[in-house]
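# Topology and contacts: notes
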Amino acid sequence: GSEMCIRDSRITKYDDSNMNGTRDSGEVGVSAWPVSWSGPTSGNNTTGSDGRYSISLPCGDYTVSEGSRSGWQHTTATSRSVEIRPDQTTEVVFGNVRLGSVTVRKIDDADMDLKKDADEPDPGFPVILQGTAVNGSAVGPFSGTTPVKFDNLPPGDYTVREDISWSDHLFISGAIVTDYLGARWMAVSDTSYNFHLNEGQDRDQDYFANVRLGSVAGIKWDDTNCCLLYTSPSPRDRTRSRMPSSA
């Protein structure tokens, strides 16, 4: 019976840094990860310092599963069906990758020095982040309003940019932007950044800097009475000024 057939089994948990679903050289084990099994006998435990948990189980059909942990993403199936046989040692391997984050801020850069000063607030502009994970899968796009933190990002190559697509409220001409409140802004920094996010990295160094623009109005007039005081002409005067002179 099954009570006479006891075989060693091993559950392995590793940090799949390149997200390819296979344990490669240099990819370390992950300790204290919850694992469980059910079949002729059931139980649960956590992996050791080397990412492994070993147990002797009666032969038979089992389901072996791993738990979850905040800040990690599974790169392999989280449950496996295995048969523990009298002629072999069974190993079940699970891979996960650590996730990172990107924080994006916007500066009302009044002194145009590309630095965040204490008296320079974040005016709250929309931004978009998207990228490609190290395994080639697409990430995003995600949108938010500054200051914004994009969480749970796998390692890979990313682009973050200011969003100028909300045309109902934002109008762009060259580097000059008019927001929905009528304020006019000029970009001081780049309007997009490309970067590589490492595994588990919390990146907080991307600032978009803009400065609000002012205006100067003036008028030119024919000062016929030399008083240096502009007097708006009457409608009749304006009509006369548009009439061609007679020969």
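Here the structure is a predicted model, which is why all the values come from computation and not from measurement. (Residues numbered from 1 in each chain as written. Predicted model: local features only at pLDDT ≥ 70, side-chain atom pairs only at ≥ 80, totals over all residues. Heavy atoms only, no water.)

With mixed pairing, four strands are arranged side by side in an open sheet as β4-β1-β8-β6. Because the sheet does not close on itself, it has two edges, and the strands there are β4 (52–58) and β6 (72–74). Averaged over all pairs of adjacent strands, the angle between their axes in this sheet comes to 30°, without regard to strand direction. The sheet contact formed by β6 and strand β8 (residues 90–98) spans three bridges and is antiparallel. Considered in β8, the bridge of H74 is made with N96. (Pairing = 2+ DSSP bridges. Helix = DSSP H or I, 4+ residues; strand = E, 2+ residues; numbered from the N terminus. Axes fitted to C-alpha atoms, helices over the stretch in contact; angles between N-to-C directions.)

To continue, consider the packing of aromatic side chains. Considering all chains together, one arrives at four aromatic pairs under this definition. Plain terms: the ring middles of W37 and Y53 are 5.7 Å apart, the flat faces sit at 20° to each other, and that makes the pair stacked. Taken together, the residues W37 in strand β2 (residues 34–38) and Y53 in strand β4 connect sequence positions 16 residues apart. The same class applies to W37 as to Y53, namely buried. Seen from their ring centres, Y193 and F208 are 5.2 Å apart, and the 35° between their planes marks the pair as tilted. Highlighted residues: Y193 in strand β17 (residues 192–197) and F208 in strand β18 (residues 202–212), separated in sequence by 15 residues. Its relative accessible area of 22% is what places Y193 among the partly exposed residues. (Phe/Tyr/Trp six-rings, centres within 6.5 Å; stacked < 30°, edge-to-face > 60°. Buried < 20%, exposed > 50% of the residue type's maximum accessible area, 1.4 Å probe, protein only.)

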